[in-house]
Amino acid sequence: MKMAKAQETVLEIDLKALGHNYSFLRSKIKPETKFMAVVKAYAYGSDSVAIARHLQELGVDYFAVAYANEGIHLREAGVTAPILVLHPQKAHFQSLIENNLEPSIYSKSILSDFILTAQKLGVKEYPIHLKFNTGLNRLGFSIDDLPEISKLIDKQDAAKVIAVLSHLAATEDSNETEFTNFQLKRFEAICKQAGVTFKDKFLKHVLNTSGIINYPEAQYDMVRSGIGLYGYGNHPDVDSHLIPVATLKTIIAQKHNIPVGESVGYNRKYSSNSETITATLPLGHADGIGREYGHGKTFVSVHGQLAPIIGNVCMDMIMIDVTGIECSEGDEVIIFGKELPASEFSQTANTISYELITGLSQRIKRLIIN
Ligand SMILES: *Cc1c(COP(=O)(O)O)cnc(C)c1O
């Protein structure tokens with residue numbers, strides 16, 4: 001399919017690529033395993049409503065967001081599938097319940113406060129997920145909290161445990177399989193103990209995208225995938241089966257001939273040793289392309305040819321070196337996406353695809369295709 005030519009800076013979001021990635025990830029798990037699509041942070045910097053609506057049509061079982069307001073946004077857009085809130089804050093418990101969002105509860109104080117809010121609102125058996133820490137040491141109960149959790153749960157009927165989860169620290173890292181297996185063992189022990197503690201059955205979920213690929217035996221009842229859906233698999237072999245969903249494109253605003261000895265941009269950080277032709281592009285660090293991408297380290301694509309970003313990245317503009325590349329003002333430039341994966345682009349600044357794509361500013365127009 002021929003993509004539309006950009007006339008300004010746009011983030012093109014390809015729903016067909018999303019469907020492809022979803023099918024690939026689904027093919028890695030059993031048909032009866034539920035699939036939770038992680039759409040936090042504007043669906044990893046793209047467009048959470050467009051992504052969630054499409055995935056809901058494709059039959060995704062569950063969604064996950066980080067904060068309640070992200071879930072409310074999806075409810076207001078008509079998303080009806082269950083939505084897990086991974087990091088709920090006490091201040092939003094009421095709106096969370098009013099919008100039929102499910103909290104991931106990670107501490108005793110969060111649990112008792114949530115129960116109080118649920119009782120105040122008069123709900124019965126409100127679904128909650130309990131998050132256990134198995135070694136990431138970020139959020140979560142410990143196995144030793146189970147007796148107290150059970151005391152809090154048993155004396156009320158406003159909230160009901162429908163799932164037990166944990167999060168793994170290094171599923172993409174083949175040097176850390178021993179640690180990951182240790183986390184999975186701990187999770188297994190927690191689930192076993194919880195099975196004794198809670199009378200009703202509950203779902204178990206622990207795997208993220210790289211977990212689905214590398215530890216499919218631990219898929220339990222549901223998996224939680226974010227980055228893979230957006231086209232990145234944390235490994236070249238996996239990436240080759242996925243298609244980047246978002247492509248950041250812009251246009252050449254102006255070209256300049258830079259004589260020998262002149263400089264380009266703030267603080268004169270680029271100076272030319274030979275005659276150079278530059279192109280100025282209408283996006284900058286305010287859009288999520290930080291200063292670490294400047295100084296010739298990172299390349300963008302102009303008609304399929306690589307051009308380095310030179311000098312300091314400005315707030316609203318970047319300059320690239322297009323010497324020897326045939327191009328004109330108004331021509332399209334690909335920053336990253338299908339032909340230049342975010343995983344590779346981000347590596348030049350020593351970071352990961354996750355940070356680059358979730359950091360794109362809301363100022364960039366989103367264009368949904370397919
Ligand atoms: C963000 C997140 C995920 C998704 O991880 P990916 O590596 O993007 O698949 C899964 N679970 C939790 C708890 C998360 O915070």
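Residues numbered from 1 in each chain as written. Predicted model: local features only at pLDDT ≥ 70, side-chain atom pairs only at ≥ 80, totals over all residues. Heavy atoms only, no water.

Chemist: In this structure, what is going on with the packing of aromatic side chains? I would like to understand it.
Modeler: Centre distance and the angle of the planes are the two values used to describe a pair of aromatic rings. Scanning the model with the defined rule gives 11 aromatic pairs in all. Relative to Tyr354, the ring of Tyr44 lies with its centre 6.2 Å away and its plane at 40°, an arrangement referred to as tilted. Placement of the pair is Tyr44 in helix α2 (residues 40-45) and Tyr354 in helix α12 (residues 353-358), with a sequence separation of 310 residues. Its relative accessible area of 9% is what places Tyr44 among the buried residues. Considering the side-chain rings of Phe336 and Phe345, the 5.5 Å spacing of their centres and the 45° angle between planes classify their relative orientation as tilted. Across the pair, Phe345 and Phe336 agree in class, each one buried. One aromatic cluster is present, formed by Tyr44, Tyr230 and Tyr354 through successive ring pairs. (Phe/Tyr/Trp six-rings, centres within 6.5 Å; stacked < 30°, edge-to-face > 60°. Helix = DSSP H or I, 4+ residues; strand = E, 2+ residues; numbered from the N terminus. Buried < 20%, exposed > 50% of the residue type's maximum accessible area, 1.4 Å probe, protein only.)

Chemist: In this structure, what is going on with empty space enclosed by the protein? I would like to understand it.
Modeler: This structure, assessed with the given rule, holds 2 cavities of 30 Å³ or more. A volume near 50 Å³ is recorded for the largest cavity. In terms of lining, the largest cavity is formed by Ala43, Tyr44, Ser46, Tyr230, Tyr232, Val245, Ala246 and Ile357. Here the lining of the largest cavity is built from residues that sort into 7 nonpolar, 1 polar and no charged. In this model, the second largest cavity occupies a volume close to 40 Å³. (1 Å grid on protein atoms, 1.4 Å probe; cavity = no way out; pocket = protein on both sides within 12 Å on 5 of 7 lines; lining within 4 Å. Points joined across faces, edges and corners; volume = space filled by probe spheres on them. Nonpolar A, V, L, I, M, F, W, Y, C, P; charged D, E, K, R; others polar.)

Chemist: How should I be thinking about the UniProt feature "binding site: substrate" (unreviewed entry) in the chain in this particular structure?
Modeler: According to UniProt, the feature "binding site: substrate" (unreviewed entry) maps to Arg138 and Met315 in the numbering used here. Across 178 residues of sequence, these annotated residues are also dispersed in space, with a maximum C-alpha separation of 33.4 Å. In the annotated group above, the second largest cavity draws its lining from Arg138. Within the element layout of this structure, Arg138 appears in the loop between β6 (126-131) and α7 (146-154). Owing to a relative accessible area of 57%, Arg138 belongs among the exposed residues under this scheme. Contacts of Arg138, omitting those with residues within four sequence positions, involve Lys131, Asn133 and His167. Tracing the chain through its elements places Met315 in the loop between β16 (305-310) and β17 (318-321). Taking the relative accessible area as the measure of exposure, Met315 reaches 48% and is therefore partly exposed. (UniProt positions renumbered as here; feature names shortened; annotations may be inferred. Contact = heavy atoms within 4.5 Å.)

Chemist: Sorry if this is basic, but what is going on with the site of the ligand here?
Modeler: Residues in close proximity to the ligand total 14 residues, the closest being Lys40, Tyr44, Thr209, Ile227 and Tyr354. Between the ligand and His167 there is a distance of 3.5 Å, counted from a nitrogen atom to a side-chain nitrogen or oxygen. Contact distances for the ligand include 3.4 Å between an oxygen atom and a side-chain N or O atom of Asn208. Contact with the protein chains removes 93% of the 390 Å² of surface that the ligand exposes when unbound. At a threshold of 2 Å from the grid points, most atoms of the ligand map onto the largest pocket. Of all the elements in the fold, those that place two or more residues in the shell around the ligand are α2 and β9 (222-225). In terms of residue class, the shell around the ligand is made up of 5 nonpolar, 5 polar and 4 charged. (Near = heavy atom within 4 Å. Polar contact = N/O pair within 3.5 Å; in protein donor to acceptor, adjacent residues only side chain to side chain. Areas by Shrake-Rupley, 256 points an atom, 1.4 Å probe, with all protein chains shown as cover. Sits in = over half its atoms within 2 Å of the grid points.)

Chemist: Is there a simple way to explain the domain arrangement of the chain in this structure?
Modeler: Often, the extent of an interface is quoted as the loss of accessible area on bringing the components together. Partitioning the chain into domains gives domain 1 (33-230) and domain 2 (246-369). A straight line from the C-alpha centre of domain 1 to that of domain 2 covers 38 Å. Of the residues lining the interface, 8 residues belong to domain 1; the matching set on domain 2 comes to 7 residues. Around 770 Å² of area is buried between domain 1 and domain 2 when both sides are counted, 64% of it from carbon and sulfur atoms. When the area that domain 1 buries against domain 2 is broken down by residue, the three leading residues are Tyr44, Gly45 and Ile227, summing to 51%. Taken together, the links from domain 1 to domain 2 amount to 0 salt bridges. If you look at where domain 1 meets domain 2, you find 2 residue pairs in polar contact (both at pLDDT 80 or more). The greatest single-element share of the side of domain 1 that touches domain 2, amounting to 4 residues, is contributed by α2. (Domains from an automatic or database assignment. Buried area = accessible area lost by both parts, 1.4 Å probe. Salt bridge = Lys/Arg side-chain N within 4 Å of Asp/Glu carboxyl O.)

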